[in-house]
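One-letter residues, chain by chain:
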Amino acid sequence: MSFDARKTAWVILNSLDHGQRTLTALMEEHADGPQAVSRRDRALLQALVYGVLRWRGRLDYFIAHFSRTRFNKINPKILNILRLALFQIIYLDRIPDSAAVNTAVEMAKAAGAPWVIGYVNALLRKTSREYRTVSFPELSKNASAALAAGKSFPEWIIHRWLQRYGQKNTAILCDAVNSIPPITVRTNTLRTSPQNLLMKLERDAEKVAQTPYSPDGITIVNPATSIPNLSGFQSGWFQVQDEAAQLVSLLLDPKPGETILDACAGMGGKTGHIAQLMNNEGAVAALDVDEDKLSQLEAEMRRLGIAIVSTHCLDLEQGVSQLPAEGFDRILLDAPCSGLGVMRRHPDIKWHRSEKEFAKNNARQLRLLENLAPAVKQTGFLVYAVCSPEPEENEAVIHQFLKKHSNFGINEHYGQLPNEICQTAITKGFFKTFPCLTQMDGFFSVRLQRIS
């Protein structure tokens, strides 16, 4: 059976609505699975899925405007057919409107009753003719509603950002989040140099360039193949990692011979960087509650040629009694969070988060910090990081922690962070990156030191 990018995109969007699989996992399964997928089909699939997710709010505004059925009564699967077709009509110039409509009608035949086919056909044809005439809410009367519809964000996110950043900066931030980011990788300097990797990757992509701040980072635009098939990947020459995440490890500043804890290691992006900065000398304990992630981390360390990492499946929310009594020189807590800082890479986050989650996240993040505090050696360091710009997950957590732990303080020595980024991204000891200011993911991190 030949690969159908539009139907596959529909399957992925429907699966995301169920909330049981991540966008990354679904894309890997369908685009990098056992079936043969051409570069052209993979590119179309990615454009459709990510495009619909980026512009879903705007697409839904048009659907609600032209639909005779109330928006909240539209079957979710039919809604995704409409979104896919409208995205092609509005944003993909190379696809004729008639082709997008006809494909949607064929998909509707397999998804609903006969009347649904007529509904899909009529709505799409009318919208394709008239969507340019639709007026959005006026900024002067309702900035939240206007930006939510025009920039395609949930209104609750826009409302929060307006309160903190103002109308102009919120619009700029929205545009940055909606932009298509380059792929960013980090050179594994245990195996090669950034210059060698840059030359090797030049033959595999439209454009490659060194990142402006991280000394080992490289951006890749329009690669000719999937990441595992890029030159140097199988030899462990690089890991995929956004520049902001690379800078977090530079803030931690691990040294050769030290004992380091990566407390929420996941699949090992920062683990690999930490071991690399240690020149593969010392010991790194990688902890996570998910055994499958740790298995992938172990395989990743083997690919990179890293020998100093040990993995431990442990729920840090239950305490750290299983950790070595002598403690660690440095601990990195890349804490679970809302992920609003990485929406440009994971646009599904926009639609699957709630403002109600922040209080729960705050309590969990504080609990993890408090559980880890006793494991920091005297004068050792604890770096807290989240990929979120939201205050409840950032300054609020740190202020609450320091109020209870007078033996810790913010350390204003910023490790290996380049001076250029320190001058623009550090305020009162807090390191913050934004897509609109630093062209990288939105991260918050702070370096704490145990002082007694």
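Reading the values: rules and limits
- Residues numbered from 1 in each chain as written.
- Predicted model: local features only at pLDDT ≥ 70, side-chain atom pairs only at ≥ 80, totals over all residues.
- Heavy atoms only, no water.
- Buried < 20%, exposed > 50% of the residue type's maximum accessible area, 1.4 Å probe, protein only.
- Helix = DSSP H or I, 4+ residues; strand = E, 2+ residues; numbered from the N terminus.
- Pairing = 2+ DSSP bridges.
- Right-handed = clockwise from strand over helix to strand, strands pointing away.
- Contact = heavy atoms within 4.5 Å.
- Polar contact = N/O pair within 3.5 Å; in protein donor to acceptor, adjacent residues only side chain to side chain.
- Axes fitted to C-alpha atoms, helices over the stretch in contact; angles between N-to-C directions.
- Parallel < 35°, antiparallel > 145°, perpendicular 65-115°, else oblique.
- Nonpolar A, V, L, I, M, F, W, Y, C, P; charged D, E, K, R; others polar.

**A look at the pairing of strand E6 (residues 283-288)**
Working note: regular strand, side chains alternate between the two faces of the sheet. Summarising burial for E6: 5 of the 6 residues are buried, a large majority. As paired strands, strand E5 (residues 259-262) and E6 are joined by 4 bridges and run parallel to one another. Bridged to Leu261 within E6 is Ala285. Handedness of the crossover joining E5 and E6 through helix H11 (residues 269-277): right-handed. Judged from the 5 bridges that link them, E6 and strand E7 (residues 309-313) form a sheet pairing that is parallel. Paired with Leu287 across the strands is His312, a residue of E7. Remark: the E6/helix H12 (residues 291-304)/E7 crossover connection has right-handed handedness.

**Focus on the environment of Leu261**
With respect to the helices and strands, Leu261 occurs in strand E5. The buried category is assigned to Leu261, whose relative accessible area is 0%. What Leu261 contacts, discounting residues up to four positions off in sequence, is Ala285, Leu287, Leu323, Phe328, Arg330, Ile331, Leu332 and Leu372.

**Let's talk about the side chain of Thr127**
As for its position among the elements, Thr127 is in helix H6 (residues 114-130). Engagement of the side chain of Thr127 in a polar contact is seen with the backbone oxygen of Leu123, the distance being 2.6 Å. Beyond its immediate stretch of four places on either side in the chain, Thr127 contacts Phe62, Phe66 and Leu86.

**Let's talk about the packing of helix H3 (residues 39-66) against helix H7 (residues 143-151)**
Between H3 and H7, the least distance of the axes is 6 Å, while the angle of their chain directions is 105°. When the axis of H3 is compared with that of H7, the two are roughly perpendicular. In this structure, H3 contributes Trp55, Gly57, Arg58 and Tyr61 to the contact, and H7 contributes Ala149, Gly150 and Lys151. When the residues that make up the contact of H3 with H7 are grouped by side-chain class, the tally is 3 nonpolar, 2 polar and 2 charged.

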